[in-house]
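Observations on the model geometry
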Amino acid sequence: LAPILAGMLAQTEASEEGEASGKLKPLEISGSEGLVVSYAHCCNPIPGDEIIGFMSTGRGIVIHRTNCHNVIEDRKNAAKWIPVDWQSGIKGEYQTEIFVKTLDRVGLLAEVAGRISATQSNIDSVTVEADGDAATLSFRLNVRDRVHLAKVIRGIRSNPGVVRVSRAAG
């Protein structure tokens, strides 16, 4: 953690005249930092999301989406939050969660799972909550970035039994 923070302090943003402005440049997240950087399970940030880092004792830097409820609630602790951004060309798969509101009918879960699979996304887990003639499907799945997630969501929305698709907000 110390080498990352030292590197951040050494890289202040330059003003147009070439002088250091004193403002920290965002730490670039590449996805391969290992134990020093982890991703918050409350909001599941993926490449393309606006993100911020929280310096946590024992966990290093925990990356959150800027619209995560934990970020909004804990802004009073400003000294522990650091600017971060995704490195360009980042590779890998990142876990996210989506909710699919559907009409409850036989075979719909299989159809939605098939649409997810068709977009080259892997499903880690699914839960189903039925409520009368409707159901809410919660999928924890892996995507490469926001563009890939948008493709997954478009595929799901094209199913006639799907009422709404949303991403977990955190």
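A short tour of the structure in this document, coming up. (Residues numbered from 1 in each chain as written. Predicted model: local features only at pLDDT ≥ 70, side-chain atom pairs only at ≥ 80, totals over all residues. Heavy atoms only, no water.)

1. What about the environment of Arg140?
The residue Arg140 is located in strand 10 (residues 134–143) in this model. Between the C-alpha atom of Arg140 and that of Gln95, which follows or precedes it by 45 residues, the distance is 6.8 Å. Here Arg140 is in contact with Asn44, Gln95, Thr96, Glu97, Asn122, Ile123, Asp124 and Ser125, once residues within four sequence places are set aside. (Helix = DSSP H or I, 4+ residues; strand = E, 2+ residues; numbered from the N terminus. Contact = heavy atoms within 4.5 Å.)

2. Let's talk about the pattern of salt bridges
For the structure on display, the rule yields 4 salt bridges. A salt bridge links Asp49 to Arg167, with the shortest nitrogen-to-oxygen separation between them at 2.7 Å. Note that Asp49 is positioned in the loop between strand 4 (37–39) and strand 5 (51–56) and Arg167 in strand 11 (residues 162–167), a separation of 118 residues in sequence. The same class applies to Asp49 and to Arg167, which are both buried. With a closest N to O distance of 3.3 Å, Arg140 and Glu97 form a salt bridge. Note that Arg140 is positioned in strand 10 and Glu97 in strand 8 (residues 94–103), a separation of 43 residues in sequence. Its relative accessible area of 19% is what places Glu97 among the buried residues. (Salt bridge = Lys/Arg side-chain N within 4 Å of Asp/Glu carboxyl O. Buried < 20%, exposed > 50% of the residue type's maximum accessible area, 1.4 Å probe, protein only.)

3. Remarks on the packing of aromatic side chains
Per the stated rule, a full pass over the model turns up 4 aromatic pairs. With 5.6 Å between their ring centres and 85° between their planes, Tyr39 and Tyr94 make a pair best called edge-to-face. With Tyr39 in strand 4 and Tyr94 in strand 8, this pair connects stretches of sequence that are 55 residues apart. Under the relative-accessibility criterion, Tyr94 is labelled buried at 7%. With a centroid separation of 5.8 Å and 70° between ring planes, the pair formed by Trp86 and Tyr94 is classed as edge-to-face. Residue Trp86 is classed as buried on the basis of its relative accessible area of 10%. Taken together through their ring pairs, the aromatic side chains of Tyr39, Trp86 and Tyr94 make up a single cluster. (Phe/Tyr/Trp six-rings, centres within 6.5 Å; stacked < 30°, edge-to-face > 60°.)

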